[in-house]
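Structural overview for review
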Amino acid sequence: MSPESSVPSRRVSWLAALALLAMTACWGSTFFLIKDLLDRVPTLDFLAVRFAIAAAAMLLVAPRAIARLAPTVRRHAVVLGLLYGVAQILQTAGLAHTPASVSGFITGMYVVCTPLFAAWILHTRIGLVTWAAVALAAAGLGVLTLGGLSLGYGEAITLVAAMLYALHIVGLGAWSSARDALGMSILQIIVIAAICFVATVPDGIVLPGNGRDWLSLVYMAIFAGALAMLGQTWAQAHLSPTRTAIIMSMEPVFAATFAVALGGEGITPRLLIGGAMVLSAMLVVELVPRRHIEAEVTHIAV
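In this report, the structure presented in the accompanying data block is examined. Quick caveat, the model's predicted, so the values are computed rather than measured.

Reading the values: rules and limits
- Residues numbered from 1 in each chain as written.
- Predicted model: local features only at pLDDT ≥ 70, side-chain atom pairs only at ≥ 80, totals over all residues.
- Heavy atoms only, no water.
- Helix = DSSP H or I, 4+ residues; strand = E, 2+ residues; numbered from the N terminus.
- Buried < 20%, exposed > 50% of the residue type's maximum accessible area, 1.4 Å probe, protein only.
- Contact = heavy atoms within 4.5 Å.
- Areas by Shrake-Rupley, 256 points an atom, 1.4 Å probe, with all protein chains shown as cover.
- Patch = residues over 30% accessible without salt bridge, like charges linked within 9 Å, V, L, I, M, F, W, Y side chains within 5 Å.
- Salt bridge = Lys/Arg side-chain N within 4 Å of Asp/Glu carboxyl O.
- Phe/Tyr/Trp six-rings, centres within 6.5 Å; stacked < 30°, edge-to-face > 60°.
- Lys NZ or Arg CZ within 6 Å of the ring centre and 35° of its normal.
- Axes fitted to C-alpha atoms, helices over the stretch in contact; angles between N-to-C directions.
- Parallel < 35°, antiparallel > 145°, perpendicular 65-115°, else oblique.
- Left-handed = near helix turned anticlockwise from the far one by under 90°.
- Nonpolar A, V, L, I, M, F, W, Y, C, P; charged D, E, K, R; others polar.
- Expected span 1.5 Å × (residues − 1).
- Core = buried A, V, L, I, M, F, W, Y, C linked by side-chain atoms within 4.5 Å.

What follows covers the overall build of the protein. Looking only at helices and strands, the protein features 13 helices and zero strands. In sequence order, the protein lays out its α and β elements as α-α-α-α-α-α-α-α-α-α-α-α-α. Among the 302 residues that make up the protein, the fraction classed as buried is 50%. Sequence separation of at least 24 residues holds for 90% of the intrachain contacts in the protein that already meet a minimum separation of 6. On the protein, roughly 13,700 Å² of surface is accessible, and the fraction owed to carbon and sulfur atoms is 72%.

With respect to the helices, strands and loops of the structure, isoleucine 106 is situated in helix H5 (residues 100–107). For the pair formed by isoleucine 106 and methionine 163, sequence separation is 57 residues and the distance between their alpha carbons is 9.8 Å.

This brings us to a nonpolar patch on the surface. Taken together, Phe197, Ile205, Leu207, Trp214 and Val218 make up a surface patch of nonpolar side chains, about 400 Å² in accessible area. Inspection of the secondary structure puts valine 218 in helix H10 (residues 211–235).

On to the pattern of salt bridges. The full count for this structure, using the stated rule, is two salt bridges. Among the salt bridges present, the one from arginine 40 reaches aspartate 213, with a minimum N-O distance of 2.7 Å. Placement of the pair is arginine 40 in the loop between helix H2 (31–37) and helix H3 (43–61) and aspartate 213 in helix H10, with a sequence separation of 173 residues. Taking relative accessible area as the criterion, aspartate 213 reaches 2% and is therefore assigned buried. With a closest N to O distance of 3.5 Å, aspartate 180 and arginine 179 form a salt bridge. The exposure class of arginine 179 is exposed, given its relative accessible area of 73%.

Further remarks concern the environment of alanine 199. Relative to the helices and strands, alanine 199 is located in helix H9 (residues 181–200). Along the chain, alanine 199 and valine 86 lie 113 residues apart, while their C-alpha atoms are 9.7 Å from each other. Leave out the neighbours within four places in its chain, and alanine 199 touches Leu44 and Ile89.

All right, on to the side chain of glutamine 232 then. Within the secondary structure, glutamine 232 is located in helix H10. Among residues more than four places away in sequence, those in contact with glutamine 232 are Leu20, Met23, Trp27, His168, Ile169, Leu172 and Met248.

Let us look at the packing of aromatic side chains. The geometry of two aromatic rings is summed up by the distance between their centres and the angle between their planes. Under the definition given, this model contains three aromatic pairs. Their ring planes at 45 degrees and their centres at 6.3 Å tell us that phenylalanine 117 and tryptophan 120 sit as a pair that is tilted. Here phenylalanine 117 pairs with tryptophan 120, and both are found in helix H6 (residues 110–121), just three residues apart, close to one helical turn. A relative accessible area of 61% means that tryptophan 120 is categorised as exposed. The ring of phenylalanine 51 carries the charged tip of arginine 50 above its face, separated from the ring centre by 5.3 Å.

Across the interface, H3 lies against H10 with an axial gap of 8 Å and an inter-helix angle of 60 degrees. Our classification of the angle between H3 and H10 gives oblique. Crossing geometry of H3 relative to H10 is assigned as right-handed. For the pair H3 and H10, contact is made by Phe46, Val49, Arg50, Ile53, Ala54, Ala57 and Met58 and by Trp214, Leu217, Val218, Met220, Ala221, Ile222, Ala224, Gly225, Ala226 and Leu230, respectively. Grouping the amino acids of the contact of H3 with H10 by side-chain chemistry returns 15 nonpolar, one polar and one charged.

Once that is clear, we can look at helix H8 (residues 153–175). Taking 1.5 Å of rise per residue, the 23 residues of H8 would be expected to cover 33 Å, and the 33 Å separating its terminal C-alpha atoms lies within 8% of that figure. Of all 23 residues in H8, 17 are buried; the element is thus mostly enclosed.

This part covers the nonpolar core. If you look at the biggest cluster of nonpolar residues, it comprises 81 residues, and the most contacted ones within it are Phe46, Ile189 and Ile246. If you tally residues by element for this core, the top one is H8, at nine residues. Setting aside residues up to four positions removed in sequence, isoleucine 189 forms contacts with Phe51, Ala54, Ala55, Met58, Gly225, Ala226 and Met229.

In short, shape yes, function no, at least from these values alone.
If you want it as structure tokens, here you go:
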């Protein structure tokens with residue numbers, strides 16, 4: 001590839017990284033909203049309604065997007081939706097048996113699992129600089145979230161959830177394309193909503209009881225649900241899975257930042273040190289020349 005032809009590619013890559021970072025910031029902005037809402041609405045009910053609203057909104061905007069997908073792409077989107085939906089349920093179940101801080105740390109271990117799966121499944125070459133960034137991000141997550149770590153049932157199923165999130169990132173990196181991003185996003189969200197609704201069947205659905213809760217839910221459905229999935233699906237058409245995972249490890253940093261700015265929490269040394277470590281890991285994979293990071297060819301056909 002000539003220097004001239006590589007410029008647009010680099011520009012698109014940077015735009016994809018910025019889109020992924022914006023999506024991660026959006027996810028981080030929801031933590032204190034979710035914490036408040038879950039005092040009144042059960043977690044699985046919240047997830048089912050949230051993704052149902054997201055799916056309905058996307059179908060309203062683009063009712064024919066799924067029909068335009070090739071059968072193979074639809075199968076891929078269904079598999080990705082299943083991975084993400086089951087991961088959501090396992091993470092929720094694990095949270096009932098383990099402290100939130102430990103759950104957050106173990107869930108964030110997708111940043112470690114992703115390059116392992118990428119190397120195993122996609123035969124992606126992972127460079128030493130990337131492994132250093134992965135280790136730095138994982139350590140930063142530990143500083144941000146951990147006050148202690150025990151191993152039990154809750155931690156085990158949360159680790160399974162982290163592995164499923166990593167597989168989702170790897171699969172999305174392998175199968176997504178900019179052309180199919182909208183249709184794949186809609187179908188994934190429909191599958192996630194269906195899985196969450198099935199999980200809530202034994203106890204029925206509890207809906208928000210006031211306008212403020214509905215406003216929070218709609219914000220999380222549209223911005224942190226529909227648009228975030230669309231942004232991730234499009235971005236991963238241009239980014240490797242490992243680079244994606246390291247950028248997404250900024251989520252707890254954004255969550256802590258919004259908690260301080262809007263949730264009334266204080267700034268702590270752990271927040272500053274852990275946040276700086278995760279941010280440094282992200283900057284490493286963004287600023288070090290691509291040839292020193294990893295092979296970018298991740299798309300495969302199944």
